Structures are given as C-alpha cells and as structure tokens.
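# Descriptive structure summary
Below are the chains, spelled out letter by letter.
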Amino acid sequence: MLERYVGHFPNTSLLSGNIALAAHNRGFPNSWFERLHELEIGDEIIYSTRFSTMYFEVVRTKEVDERDMSVLDNTPDTRLTLITCITERRNKRLVVTATLIANESISLDNNYI
C-alpha cells in the first residue's frame with residue numbers, strides 16, 4: 001500500500017509515544033517522502049490527523065540497516081519517526097526523528113466517532 005499512502009507501523013503509537021511512518025521517496029506517483037533527505041535538524045514537521053495537529057522539530061537524521069527495527073521502539077516522549085529507503089543503497093534506510101513541540105488536540109465528539 002505504500003505506493004498510494006504513507007504507512008504507519010502498527011506496533012507504534014498513533015498520537016503519543018513513538019509515531020513511526022514510512023513512505024516511498026521515488027518511483028511512484030505518490031512518493032510522499034521524496035524530499036525527506038532534505039530535512040535538517042531544527043526543521044519543523046506538521047503531523048495532522050482528524051483528531052489533532054502536532055508540530056515536531058527534527059532532532060536527528062541517520063542511516064540504519066534495513067533490519068534495524070530499534071527505531072520503532074516505544075519511547076516515553078512523543079516523537080515522529082519517518083523512514084524511507086536510500087537511493088542506490090538497497091539495504092539501508094534513512095530515519096528522521098522529530099520531537100513534539102506543540103499539539104492542538106480536537107475535542108472528540110460524535111462528529112469523529
């Protein structure tokens with residue numbers, strides 16, 4: 001399904017803790033993370049769902065082995081972990097980590113249930 005959407009790792013959080021997402025960065029009409037490699041420490045990422053809009057600040061970018069699942073571990077803080085492949089490096093993944101700086105939660109009522 002990554003050819004159409006940004007994927008959420010099911011063993012990670014949706015709104016608090018470690019929110020981990022993955023997407024393609026090239027080769028598909030919806031290459032959502034095609035510019036992920038351009039993010040730098042201090043850049044802001046906006047993560048919106050129907051329940052909240054959250055603002056994150058990039059604190060780290062790193063390259064990991066494709067089998068390194070430690071980036072999906074639960075965390076006590078709320079963070080966004082974005083993962084994509086690296087051009088010409090089939091066994092590596094780019095991981096961008098950002099920490100929460102602001103959260104605008106929407107009140108849950110019958111309109112959202």
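Relevant structure appears above.
Note that the structure is predicted; figures quoted are calculated from it, not measured.

Thresholds applied
- Residues numbered from 1 in each chain as written.
- Predicted model: local features only at pLDDT ≥ 70, side-chain atom pairs only at ≥ 80, totals over all residues.
- Heavy atoms only, no water.
- Helix = DSSP H or I, 4+ residues; strand = E, 2+ residues; numbered from the N terminus.
- Rg over C-alpha atoms; globule rule 2.2 N^0.38 Å.
- Buried < 20%, exposed > 50% of the residue type's maximum accessible area, 1.4 Å probe, protein only.
- Contact = heavy atoms within 4.5 Å.
- Areas by Shrake-Rupley, 256 points an atom, 1.4 Å probe, with all protein chains shown as cover.
- Lys, Arg positive; Asp, Glu negative; His and termini not counted.
- Charge placed at Lys NZ, Arg CZ, Asp CG, Glu CD.
- Phe/Tyr/Trp six-rings, centres within 6.5 Å; stacked < 30°, edge-to-face > 60°.
- Pairing = 2+ DSSP bridges.
- Core = buried A, V, L, I, M, F, W, Y, C linked by side-chain atoms within 4.5 Å.

## A short note on the overall build of the protein
A count of helical and extended segments in the protein gives 0 helices and 6 strands. Moving toward the C terminus, one meets the helices and strands of the protein in the order β-β-β-β-β-β. For 113 residues, the compact-globule formula gives about 13 Å, and the C-alpha radius of gyration of the protein, at 14 Å, lands near that figure. Principal-axis analysis of the C-alpha atoms gives the protein an extent of 45 × 30 × 25 Å. Burial status across the protein gives 35% buried among its 113 residues. Counting contacts in the protein only where the partners sit at least 6 residues apart, residues at least 24 apart contribute 59% of the total. Carbon together with sulfur atoms contributes 50% to the accessible area of the protein, which is approximately 7300 Å² in total. Charge separation in the protein, taken as the distance between the mean sites of 12 positive and 16 negative side-chain charges, equals 7 Å.

## A closer look at the packing of aromatic side chains
Here the structure, examined in full by the defined rule, presents 1 aromatic pair. The interplanar angle of 70° and the centroid separation of 6.5 Å between the aromatic rings of Tyr47 and Phe56 together place this pair among those described as edge-to-face. What makes Tyr47 buried here is its relative accessible area of 13%. Classification of Phe56 by relative accessible area gives buried; the value is 0%.

## Things to note about the pairing of strand S4 (residues 52–65)
Note: strand S3 (residues 44–48) against S4, 5 bridges, orientation antiparallel. Bridge pairing links Ser48 to Thr53 in S4. From the end of S3 to the start of S4, which pair antiparallel, there are 3 residues. Sheet topology places S4 next to strand S6 (residues 89–105); 13 bridges connect them, and they run antiparallel.

## A look at the sheet that holds strand S1 (residues 7–8)
An order of S1-S2-S5-S6-S4-S3 is seen for the 6 strands of this open sheet, with the pairing classed as mixed. Each edge of the open sheet is held by one strand with a lone partner, namely S1 and S3.

## Thoughts on the nonpolar core
Residues Ile19, Leu21, Ile45, Tyr47, Phe56, Leu80 and Leu82 are the most contacted members of the largest nonpolar core, which totals 16 residues. Breaking this core down by element, the ones donating at least two residues are strand S2 (18–22), S3, S4, strand S5 (79–86) and S6. With residues near it in sequence (within four places) discarded, Tyr47 still touches Leu14, Ile19, Leu21, Ser52, Thr53, Met54, Phe56 and Leu80. With 6 residues, the next largest nonpolar core counts Ala20, Leu72, Ile83 and Val95 among its residues.

## Considering unusual backbone geometry
Phi angles above zero are rare outside glycine, and Glu88 is one such case at about 65°. In this structure, Glu88 sits in the loop between S5 and S6. Residue class for Glu88 comes out exposed when judged on its relative accessible area of 76%.

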